[in-house]
Amino acid sequence: MKFINNELGGVDGRPIQFEPCISTFSVEKSQACAQELVQKGAVTVTGGIDISSNGSIPILEQNQVPMIGGVPVNNDEMISPISFQFSGGSPGAMVAFAHYAAETQGAKKVAVIYGDYPPIKLAAVDYGVAELNRLGVTDVTEIAYPILSTDFLPVLTRAQENHPDAIILSAADTACAPAMRTAKDLGITATMYLVGACAAPSIADEIGEAAVAGRIFNVEGPITVDHNVDAQIYGAAVAKYGDPSLPAASAGTVSFRNIMNIYSLMKDLGPNNISRQSLLGAVRAAVDRPSFNGHAYTCDGKQVPNLPALCAPQEILAIHENGTLRQLTDWIDVPAILNN
Amino acid sequence: MVYVQYLLLGLGSGAVIAALALGVLLTYRASGVVNFAHAALGMYLAYTYIALRQHGELLIPILGLPGSINLFPSDVKPTWATAFAITMLMAALIGFVVYWLVFRPLRNAPAVAKVVASLGLFLYLLGITHQRLGSQGAALAKPKPILPSNVVNLVGVKVPSDRLWLLALVLIVTALLAALFHFSRFGLATRAAAESEKGAVLLGHSPDRLAAINWIIASMLAGAAVILIAPISGLDPGVTALLIIPALAAALLGGFRSFTLTMLAGLAIGMAQSEILNLRTQFGWIPDLNWQAGLPLLIIVVIMALRGERIPSRGSLHHGRFPVSPTPRHLGWWVTAGSAVIISGLFTLDSSWRQGLIVSMVVALIALSIVLLTGYVGQISLMPFALAGIGAFTMIKLTTDFGVPFPFAPILAALVATALGLIIGIPASRVRGINLAIATLAAATAVEELILNWSWLTGGLAGSSVPRPRLFGIDLGVGATGSDFPRPAFGVMCLVVLMATVIVVANLRRGSTGLRWLAVRSNERAASAAGTDVRRTKIEAFAISSFIAGLGGTLLAYQYETLSVNSFGVFASLALLATTYLGGIASIGGAFVAGAIADGGIVTAAIGSTGSGATYAVNGLALMAIVVLYPNGLLAGIRAGTSAIRRRVSRYS
């Protein structure tokens, strides 16, 4: 926000006021945050990771406050009519993985592993497995594991038994390192697909190159910085205003995208025309509207069936090779795949 | 053959659970404390080890002091052995300080006070870890594992050797602990103190010194265990700290007495989880529920109920007694005055205060279920929020799928919660004290994993949207726009339900039922000798308490408007038990204090909350300080203070 107000001059000279509120993963606090922001006259809300967003969403809905951007981890953020996410969340990633595995990799046998937690399971089964089946891959082994798992050995052994061509893992970031390390120890050769959080450099440092090499991850923006102006702007903003201890690839990139996209909407509306209703109208009318360091978004509620809030579910896949992350695909058009 | 293979594959998981369970058992044998913070302590120490290895920095676990100090020049990183040794020294220091400052003063306090203190320690360790790690959080790189992980072939399955090394270490530690307790003078003295502290004192042993040494060993075990298991299980402040649940289950199966049995129980749980995974993927007809997490805990509850009393009670010098339960007096006055104050608040206060008031009322209602069952009858149950969750989701299901109107839907839902409470309560009535607490903790986890995560009940993709309550055309829903949220009408409904429950509970407490409850609480044998049907009394209390919790859950559902299973986790129950205890677990006022200080309640509305790591640490510290200073709760402390002043005044007048 400092970057927007200081470097970009706010919305035509008027600074944007930012009111943070931490939900502490508590439904009551999430609810209180939403009400506090409503009371303060917030014209829009942007979210971070909030597994208790079922507290805030109903209040935002009743007050018609748009939630523009966030890290959609809860079903509520993905289905609410006032929520607009510049991401495909886990469902988008699972569809992209399934599609790439079946169509490009030519996988005939796939194991889908997922944490036994409703939103994660939903993404893996209702989107990942469903897409595999739709593409004719019927030899799919579904393996659920408890979120409080103490060892991935039985899980990956079960996955390996059927000699799969691909293993898709839908999990929280805490599972990344132990799962990849165990897969390496077991000598699993199937292509392994993991969520973008698992591509963090610190994880590769921790488990070693051999455990990460060849793994495929989803990313929600081009990973090369050289010709990517948005990535350079982000880097400059972090260098000047950010926390130096914050890793470059983190939830910060998503938050920065959210704020920049909100800024873009506000700028188009003009400082005297910004309101909850006008923002709602503008974001709902967005068709292939450019997104900062991400895929253009369309908020017509039809990009992902049953998850109307996901406006930009397109994904890029990247592979870890020779100690670095290399872009493997261009944007995978998840809406086109799902609406095919 | 494949079944045997999966049992073997579970040995790694089992070793992880057993490693933590051994420390839990050691702490209990040393001081009678079931330390819910044991895994959290290990997690903090594992981060201490990582910071040393990565940066040569020692994390300082004391709030207010600098986060870390450099022990080595910036270009020198200690070897794993050096970092490990320094971490073990820190573990020893923390173990000693925690025992001496927190649990030693509580050695004569009731079991529930120790539970509350260990929950305070849990919160403190989570908070201080978050604060020390700052924005690095989970992104903090971890050093290379200590144990080698080359793969070996075990009966046809590949097993990375780190699991086998861990298993070997667990076996060695178990053998050492068993030998220590059977053959060494120190171990025999600890066992003697556990049987009879008075006897140990007469033989020249200091129970405090023995307990402190055992706490030091247990802390070192916690740190070593988590450092070694982190590469297998991953390391995350929230997730690792929760590994205490299977560890407690293993200690429970081991009877909280035998290191060998505890180790075997830990291995058995891990192996069972692995086998369930195998069966679940092999047989498609098995219902799609989280059996791995839920089923072993459910089996433990059943075994425990069948076998009756499990945990040996310690022969402490003074048996901790529950706080005095004052007879509710001037009920009409309190209800009328309280209602008048709340109603005026609902119609005059601004939105955030109204919200705080409503949260406080709903939490106070659920806390009343704890006052009744734990405060009045002495049964420590850690499942009020699981029952509240059952009430909440059932109410939605009844309304949306079966068209049951308000107020019948919440009442029926509360009855369903009552039925579940009875299913658990009837067998659980065979156990008591801290063992009942752990049994209900296991049951609550099983309910969460097997029922509350069931997509049929929770609505799956569509989620659980809560229908608005309406009575005779009057909208009693909470939702409104702008400053009209939350609607006072919803607050009035909560107030009516709360006050009606208070009147019922107070009258039960004042009547013959209450006397039976207190008789059972103070001495079951004496109560039985006096003609009280102890079992029936307990089951009756379980039923009423479950109904109240279920009813509270339906109000929570109406208040949230959309539901998620996150709201009903076991640690919500633990936190509520802690705050109710602080308020005064044996009095109705205690439930109101718990409501007031609940997250999002009126105290939050008054002072606000940033929710940072420091806040958790401060809350944890406050919890430990209050329980040490007022082991019978704040209200009892205030009453005692008031009585002392009165006595002094009357002496001089």
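Rules behind the numbers
- Here the residue numbers are simple positions, counted from 1 along each chain's written sequence.
- Naming scheme: in the order in which they are written, chains are lettered from A and ligands are numbered from 1.
- Per-residue local features are limited, in this predicted model, to residues with pLDDT of at least 70; the limit for side-chain atom pairs, both in listing and counting, is 80 or more; totals at the level of whole chains, interfaces and linings are taken over all residues.
- Strands here are runs of E lasting at least two residues and helices are runs of H or I lasting at least four, both read from the DSSP assignment and numbered beginning at the N terminus.
- Each radius of gyration reported is based on C-alpha atoms, and the globular scaling rule is 2.2 Å times the count of residues to the power 0.38.
- Counting other C-beta atoms within 10 Å of its own, a residue is labelled buried from 20 upward, exposed at 12 or fewer, and partly exposed in the gap between, with every C-beta atom placed from the backbone.
- In this description, any two residues whose backbone-derived C-beta atoms lie within 7 Å of each other are considered to be in contact.
- Remark: nonpolar core denotes a set of buried Ala, Val, Leu, Ile, Met, Phe, Trp, Tyr and Cys residues whose joining runs through C-beta atoms within 7 Å.
- Note on pairing: DSSP must find at least two bridges between two strands before they are called paired.
- Lines fitted to C-alpha atoms define the axes, with helix axes restricted to the stretch in contact, and inter-axis angles between N-to-C directions lie between 0 and 180 degrees.
- Start and end positions for the domains come from either an automated domain assignment or a database one.
- Each residue is assigned to one class: nonpolar for Ala, Val, Leu, Ile, Met, Phe, Trp, Tyr, Cys and Pro, charged for Asp, Glu, Lys and Arg, and polar for all the others, Gly among them.
- Note on terminology: angles under 35 degrees are roughly parallel, angles over 145 are roughly antiparallel, angles of 65 to 115 are roughly perpendicular, and the others are oblique.
- For a crossing to be left-handed, the near helix must be turned anticlockwise from the far one by less than a right angle; the clockwise case is right-handed.
- Residue count minus one, scaled by 1.5 Å, sets the expected span of a helix.
- The predictor rates its confidence in each residue with pLDDT, a number between 0 and 100.
- Seen with the strands pointing away from the viewer, any crossover whose path from the first strand over the helix to the second strand runs clockwise is right-handed.

(A) Fine view of the overall build of chain A. Helix and strand content of chain A: 14 helices and eleven strands. Expected size for 340 residues packed as a compact globule is a radius of gyration near 20 Å; at 20 Å, chain A falls within 12% of this value. Dimensions of chain A along its principal axes, counting C-alpha atoms only, are 60 × 40 × 35 Å. Looking at chain A residue by residue over its 340 residues, the buried ones come to 57%. For chain A, the share of sequence-separated contacts (at least 6 apart) that also reach a separation of at least 24 residues comes to 64%.

(B) Spatial organisation of the overall build of chain B. A count of helices and strands for chain B gives 28 helices and eight strands. Relative to the globule expectation of 26 Å for 653 residues, the C-alpha radius of gyration of chain B, 25 Å, shows essentially globular dimensions. Contacts spanning at least 24 positions in sequence make up 78% of the contacts within chain B whose residues lie at least 6 apart.

(C) Main features of the nonpolar core. In terms of nonpolar packing, the biggest core is built from 348 residues, with Ile168(A), Leu22(B), Ala247(B) and Leu365(B) touching the most fellow members. In terms of residue count, helix α9 (residues 207-233) of chain B provides more of this core than any other element does, 18 residues in total.

(D) Local environment of the sheet that holds strand β10 (residues 316-321) of chain A. All names here are of chain A. In spatial order, the strands read β4-β3-β5-β6-β7-β10-β11; together these seven strands make up an open sheet with mixed pairing. The outermost strands of the open sheet, each flanked by one partner alone, are β4 (139-145) and β11 (324-327). Mean inter-strand twist for the sheet, computed between neighbouring axes without regard to direction, equals 25°. Pairing of strand β7 (residues 216-219) with β10 involves four bridges; the strand directions are antiparallel.

(E) Seen up close, the domain arrangement of chain B. All names here are of chain B. Considered domain by domain, chain B is made up of domain 1 (2-286) and domain 2 (331-570). Computed from C-alpha coordinates alone, the two centres of domain 1 and domain 2 are separated by 35 Å. When contributions to the side of domain 1 that touches domain 2 are tallied by element, the ones reaching two or more residues are α5 (111-133) and α11 (244-253). Broken down by element, the side of domain 1 that touches domain 2 gets its largest block of residues, four residues, from α11. Tallied by class, residues from the side of domain 1 that touches domain 2 come to eight nonpolar, no polar and no charged.

(F) Local environment of the packing of helix α16 (residues 384-402) of chain B against helix α23 (residues 534-560) of chain B. Residues and elements named next belong to chain B. Contact geometry for α16 and α23: axes closest at 7 Å, N-to-C directions at 55°. One finds that α16 runs oblique with respect to α23. The element α16 and its partner α23 pack so that their crossing is right-handed. Between α16, through Pro384, Leu387, Ala388, Gly389, Ile390, Gly391, Ala392, Met395 and Ile396, and α23, the contact on the second element is made entirely by Ser546, Ala549, Gly550, Leu551, Gly552, Gly553, Thr554, Leu556 and Ala557. For the contact of α16 with α23, a count of residues per class yields eleven nonpolar, seven polar and no charged.

(G) Structural detail: the packing of helix α2 (residues 11-31) of chain B against helix α3 (residues 38-55) of chain B. Residues and elements named next belong to chain B. One way to put it is that α2 packs onto α3 with a least axis distance of 9 Å and a crossing angle of 120°. Considering the angle they form, α2 stands oblique to α3. The handedness of the crossing between α2 and α3 is right-handed. Listed contacts from α3 to Leu20, Gly23, Val24 and Thr27 of α2 are His38, Ala39 and Gly42. Considered class by class, the residues forming the contact of α2 with α3 number three nonpolar, four polar and no charged.

(H) Focus on the domain arrangement of chain A. Residues and elements named next belong to chain A. Assigned domains of chain A: these are domain 1 (2-88 + 227-309) and domain 2 (90-219 + 318-338). On a C-alpha basis, the centres of domain 1 and domain 2 stand 28 Å from each other. Between domain 1 and domain 2, the residue contacts involve twelve residues of the former and 13 residues of the latter. Class assignment for the residues of the side of domain 1 that touches domain 2 results in six nonpolar, six polar and no charged.

(I) Up close: the pairing of strand β4 (residues 157-160) of chain B. All names here are of chain B. Summarising the sheet, strand β3 (residues 151-154) and β4 pair through four bridges and their orientation is antiparallel. Residue pairing for β4: Val152 is matched across the bridge by Val159. What sits between β3 and β4 in their antiparallel hairpin is a turn of two residues, with Val155 showing a positive phi close to 45°.

(J) Fine view of α3(B). All names here are of chain B. With 18 residues, α3 should reach 26 Å at 1.5 Å per residue; the first-to-last C-alpha distance of 26 Å fits that figure. The buried fraction of α3 amounts to 16 of the 18 residues, a majority that puts the element mostly inside the structure. Remark: Gly56 follows α3 within two positions and exhibits a positive phi of approximately 70°.

(K) Here's a closer look at the environment of Leu235(B). Within the secondary structure layout, Leu235(B) lies in the loop between α9 and α10 (237-241). In sequence terms Leu235(B) and Leu253(B) are 18 residues apart; their C-alpha atoms lie 26 Å from each other.

(L) Here's a closer look at the confidence of the model for chain B. Of the residues in chain B, 94% reach a pLDDT of 70 or more, and the chain-wide mean stands at 87. Across the whole predicted complex the pTM is 0.86, and at the interface the ipTM reaches 0.83.

(M) Structural detail: the environment of Arg215(A). Residue and element names in this part refer to chain A. Note that Arg215 resides in the loop between α10 (209-212) and β7. Taking C-alpha positions, Arg215 is 36 Å from Ser56, a pair spaced 159 residues apart along the chain. The residues touching Arg215, leaving out its near neighbours within four places in the chain, are Met180, Met192, Leu194 and His320.

(N) Highlighting the environment of Ala239(A). Structurally, Ala239(A) can be placed in helix α11 (residues 229-241). The exposed category is assigned to Ala239(A), around which 10 C-beta atoms lie within 10 Å.

(O) Quick peek at the pairing of β4(A). Residues and elements named next belong to chain A. As paired strands, strand β3 (residues 109-115) and β4 are joined by seven bridges and run parallel to one another. Note that in β4 the partner of Ile113 across the bridge is Ile143. Taking the sense of rotation as the criterion, the β-α-β connection linking β3, helix α6 (residues 118-134) and β4 turns out right-handed.

(P) Molecular detail of unusual backbone geometry. Residue Pro407(B) is bonded to the preceding Phe406(B) through a cis peptide linkage, with omega at 5°. Tracing the backbone through its elements, the reader meets Pro407(B) in the loop between α16 and α17 (408-428). That bond from Phe485(B) to Pro486(B) is cis: its omega, -10°, falls within 30 degrees of zero. Structurally, Pro486(B) is set in the loop between β7 (474-475) and α20 (488-510). In this structure, Gln64(A) is a non-glycine residue whose phi angle is positive, near 50°. For Gln64(A), the location among the structural elements is in the loop between α3 (57-62) and β1 (67-68). Its identity as a non-glycine residue notwithstanding, Phe472(B) has a phi of 50°, on the positive side. Mapped onto the fold, Phe472(B) is located in the loop between β6 (470-471) and β7.

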